[in-house]
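Given next are the chains, with one letter for each unit.
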Amino acid sequence: MANKIKTPRTKELEFGGPIGALLLLVVLPGTVLYLLLTCNTDDASVFQVPSPLPQLQSLWNPFALTLLLGWVALQAVLYMLPMGSIVEGITLRDNTRLEYKINAFYAFLVSALLAGVAFMVQLPLSYVYDHFLEFAVASAIISLALSIFLYVKSLAAPESSLAPGGNSGNPLYDFFIGHELNPRVGSFDLKYFCELRPGLIGWSLINLCFLMKDIELRGTASLSMLLVCGFQALYVMDAMWHEEAILTTMDIVHDGFGFMLAFGDLCWVPFTYSLQAYFLVRHPQELSSLAALGIVLLNAIGYIIFRGSNSQKNTFRRNPSDPSVAGLETIPTATGKRLLVSGWWGLVRHPNYLGDLIMALAWSLPCGLGHILPYFYVIYFTFLLVHREARDEHLCLKKYGLAWQEYCRRVPYRIFPYIY
């Protein structure tokens, strides 16, 4: 019966439709390479084409590809181990609920333990820094191969399994956006696995390798490097600890799994989110104790807003009668659900995005104010979250109608209080 449910054709195309999707297939990998090449220049200026450009054959490193495949395989094994708990996702269009294994934090701890062993036996972790461009190219190849597999697999998927936003009928667009919503091989959920594990945990490991390179060059790690690595490790650990919260995000609930998410999870996240640490290896920055304290406080403020708002939302979704959220003001909707209109969610419509951006700024400030390159993450993330917020607003208006209009009237600011 479930397979007879059809997913309607996607009418509203994003990113400029098929032409935009084609451009992004080139622009996204090109941006990663451009940023890393620029970071390797003396002036690290994004406004000058890095010279000389490397020969294409110099970017191909079979050993780097093998290491990355081994890393993904390790995370897949940890994902499948009988540890952690099993939870159900949200109800799908066919009234079924998929089961998910919650054990990402254990995978992070095991990965950290293995990284500690590698350090103790003096494995050359700085190799990752020395061949970082080659690792990025290998990651892009893996992402492309996975995306092709996902699209081919989606052609045999039942109608009820297709993504509402990736069923346009245009192969190029659907390949980019993702044709199937929750592609699985047996019980192994490919999108859910890639969302947190290889890329996010890999981001922390990459930062550790940069930290080792910093020590190798200067005898000790700089305060700037320690702050960046510490802040970002906290962020990754928080994501692993609150893994279950990802089951209600737009990526899992609405977006199909295609090149956009596959490349984002496996290449964009680990190779651009680590840009500050990569920058600091070649462009070290002196940081006073007072400046460091201010940056730590800024990151703490961002984290409190980010974690507080996300936890409040997730608690309310699981149990509106929980004492921590039972007293919050809400607006009823025609769907039977209620919208929070007080607490963190009465401050702005997306307080978690506000906290995210404050933390992003704190991660960049240790790199000084002399270069715009380390602030790429803040700039990119601002555009990303504004775009995501607009998508979310559109979906919520369609879903909740007048109740959402009332919520917007009660909470007029989207991300930044009194600004936007």
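Every chain is numbered independently, its residues counted from 1 as its sequence is written. In keeping with the predicted nature of the model, local features appear solely for residues at pLDDT of at least 70, side-chain atom pairs appear and are counted solely at 80 or more, and the whole-chain, interface and lining totals rest on all residues. Based on all heavy atoms of the structure, the side-chain values leave hydrogens and waters out of the count.

The chain is annotated in an unreviewed UniProt entry as Delta(14)-sterol reductase TM7SF2 from Eleutherodactylus coqui. UniProt positions are given in the numbering used here, feature names are shortened, and annotations may be inferred rather than shown by experiment. For the record of the chain, the UniProt heading Sequence similarities (unreviewed entry) holds the text "Belongs to the ERG4/ERG24 family." Of the comments in the UniProt record for the chain, the one headed Pathway (unreviewed entry) reads "Steroid biosynthesis; cholesterol biosynthesis."

The subject of this paragraph is the nonpolar core. The biggest cluster of nonpolar side chains holds 111 residues, and the ones touching the most others in it are Phe 176, Phe 210 and Met 240. It is helix H7 (residues 190-218) that contributes the most residues to this core, 13 residues altogether. Residues within four places of Met 240 in sequence aside, it is in contact with Ala 104, Phe 105, Phe 108, Leu 196, Leu 200 and Ile 201. In terms of nonpolar packing, the next biggest core, distinct from the first, is built from 15 residues, Phe 316, Val 325, Leu 339 and Trp 404 among them. By nonpolar core we mean a set of buried residues, namely Ala, Val, Leu, Ile, Met, Phe, Trp, Tyr and Cys, connected to one another through side-chain atoms within 4.5 Å. Throughout, exposure labels follow a simple rule: accessible area from a 1.4 Å probe, protein chains only, divided by the maximum for the residue type, with under 20% read as buried, over 50% as exposed, and the rest as partly exposed. Strands here mean DSSP runs of E at least two residues long; helices mean DSSP runs of H or I at least four residues long; both are numbered from the N terminus. Pairs of residues are marked as contacts when any of their non-hydrogen atoms sit within 4.5 Å.

What follows concerns the pattern of salt bridges. Here a salt bridge means any side-chain nitrogen of Lys or Arg lying within 4 Å of a carboxyl oxygen belonging to Asp or Glu. Within the structure shown, the criterion is met by 15 salt bridges. For Arg 410, the salt bridge identified is with Glu 329, shortest N-O distance 2.4 Å. A residue pair is termed long-range when its members are at least 10 positions apart, and Arg 410 in helix H15 (residues 402-410) and Glu 329 in the loop between helix H12 (289-318) and strand S5 (330-332) qualify at 81 residues. With a relative accessible area of 33%, Arg 410 lands in the partly exposed category. Taking the relative accessible area as the measure of exposure, Glu 329 reaches 40% and is therefore partly exposed.

Moving on, we get to the packing of aromatic side chains. The aromatic pairing rule takes the rings of Phe, Tyr and Trp, using the six-membered ring of Trp, and pairs them if the centres are within 6.5 Å, calling planes under 30 degrees apart stacked, those over 60 edge-to-face and the rest tilted. Scanning the model with the defined rule gives 36 aromatic pairs in all. Ring geometry for Phe 15 against Phe 176: centres 6.0 Å apart, planes inclined by 80°, an arrangement best described as edge-to-face. Of this pair, Phe 15 sits in the segment before helix H1 (17-39) while Phe 176 sits in helix H6 (residues 171-177); the two residues are 161 residues apart in sequence, bridging distant segments of the chain. Owing to a relative accessible area of 1%, Phe 176 belongs among the buried residues under this scheme. Plain terms: the ring middles of Tyr 273 and Tyr 380 are 6.4 Å apart, the flat faces sit at 50° to each other, and that makes the pair tilted. Residue Tyr 273 is found in the loop between helix H10 (259-272) and helix H11 (275-282), and its partner Tyr 380 is found in helix H14 (residues 376-400); the two are separated by 107 residues along the sequence. Joined through ring pairs, the aromatic side chains of Trp 203, Tyr 235, Trp 268, Tyr 273, Phe 306, Trp 363, Phe 376, Tyr 377, Tyr 380 and Phe 381 make up one cluster. Remark: a charge is flagged as sitting over a ring if the NZ atom of Lys or the CZ atom of Arg is within 6 Å of the ring centre and within 35 degrees of the ring normal. Here the guanidinium or amino end of Arg 184 rests over the ring plane of Tyr 100, the centre of that ring lying 5.0 Å away.

Locating His 350 in the fold gives a position in the loop between strand S6 (338-340) and helix H13 (351-364). By relative accessible area, which is 4% here, His 350 ends up buried. With residues up to four places along the chain from it excluded, the contact list for His 350 reads Trp 345, Glu 389, Asp 392, Glu 393, Arg 414 and Ile 415.

It is worth spelling out a nonpolar patch on the surface at this point. Where nonpolar side chains cluster on the molecular surface, the patch consists of Leu 113, Val 117, Phe 119, Met 120, Val 121 and Leu 123 and spans about 640 Å² of accessible area. Mapped onto the elements of the fold, Phe 119 is located in helix H3 (residues 104-120). A residue is classified by how much of its surface remains accessible, and Phe 119, at 47% relative accessible area, is partly exposed. Patch rule: a residue counts if its relative accessible area is over 30% and it has no salt bridge; like charges are joined within 9 Å, and nonpolar side chains (Val, Leu, Ile, Met, Phe, Trp, Tyr) within 5 Å. For the area figures, the Shrake-Rupley method with a 1.4 Å probe applies, and any residue is considered shielded solely by the protein chains shown.

What follows deals with the state of the cysteines. Note on disulfides: each one is a pair of cysteine sulfur atoms within 2.5 Å. For the structure on display, the rule yields zero disulfides. Here Cys 209 stays free of any disulfide, with the sulfur of Cys 229 as its closest cysteine sulfur at 10 Å. A relative accessible area of 3% places Cys 209 in the buried class. On the basis of relative accessible area, Cys 229 is assigned to the buried category, the value being 12%.

With that settled, the discussion passes to the side chain of Ser 147. For Ser 147, the position within the fold is in helix H5 (residues 132-154). On the accessibility criterion, Ser 147 (1% relative accessible area) is buried. Here a polar contact is taken to be a pair of N or O atoms separated by no more than 3.5 Å, where protein atoms must pair a possible hydrogen donor with a possible acceptor and residues adjacent in sequence count only if both atoms sit in side chains. In terms of polar contacts, Ser 147 uses its side chain to reach the backbone carbonyl oxygen of Ser 143, at 2.7 Å. Setting aside its immediate chain neighbours within four residues, Ser 147 contacts Phe 175, Gly 258, Phe 259 and Ala 262.

H10 packs onto H7 with a crossing angle of 10° between their chain directions and a minimal axis gap of 8 Å. By the angle between their directions, the pair H7 and H10 is classed as roughly parallel. In contact with Lys 191, Cys 194, Glu 195, Pro 198, Gly 199, Leu 200, Trp 203 and Ile 206 of H7, H10 contributes Leu 261, Asp 265, Leu 266, Val 269, Pro 270 and Phe 271. Asp, Glu, Lys and Arg are counted as charged, while Ala, Val, Leu, Ile, Met, Phe, Trp, Tyr, Cys and Pro are counted as nonpolar; the rest, among them Gly, fall into the polar class. Looking at the contact of H7 with H10 residue by residue, the class counts come to 10 nonpolar, one polar and three charged. Between N-to-C directions, angles span 0 to 180 degrees; the directions come from axes that are lines fitted to C-alpha atoms, helices contributing only their stretch in contact. Our angle categories are set so that under 35 degrees counts as roughly parallel, over 145 as roughly antiparallel, 65 to 115 as roughly perpendicular, and the remainder as oblique.

With that settled, the discussion passes to H11. Counting buried positions over the eight residues of H11 gives seven, a clear majority of the element. The complete set of buried residues in H11 reads Leu 275, Gln 276, Ala 277, Tyr 278, Phe 279, Leu 280 and Val 281.

The subject of this paragraph is unusual backbone geometry. Positive phi, normally seen in glycine, also occurs at Phe 15, with a value near 60°. Assessed through its relative accessible area of 32%, Phe 15 is described here as partly exposed. The phi angle at Ala 44 is positive, at roughly 50°, despite the residue not being glycine. The topology assignment puts Ala 44 in the loop between H1 and helix H2 (62-80).

To continue, consider the packing of H7 against helix H8 (residues 223-241). At a closest axis distance of 10 Å, the pairing of H7 and H8 adopts a crossing angle of 160°. By the criterion of interaxial angle, the relationship of H7 to H8 is roughly antiparallel. When you trace H7 past H8, the crossing you get is left-handed. Every residue of H8 that contacts H7 at Leu 196, Leu 200, Ile 201, Trp 203, Ser 204, Asn 207, Phe 210, Leu 211 and Asp 214 is listed here: Met 225, Leu 226, Cys 229, Gln 232, Ala 233, Tyr 235, Val 236, Ala 239 and Met 240. Grouping the constituent residues of the contact of H7 with H8 by class yields 14 nonpolar, three polar and one charged. Note on convention: near helix rotated counterclockwise from far helix by under a right angle means a left-handed crossing. Clockwise means right-handed.

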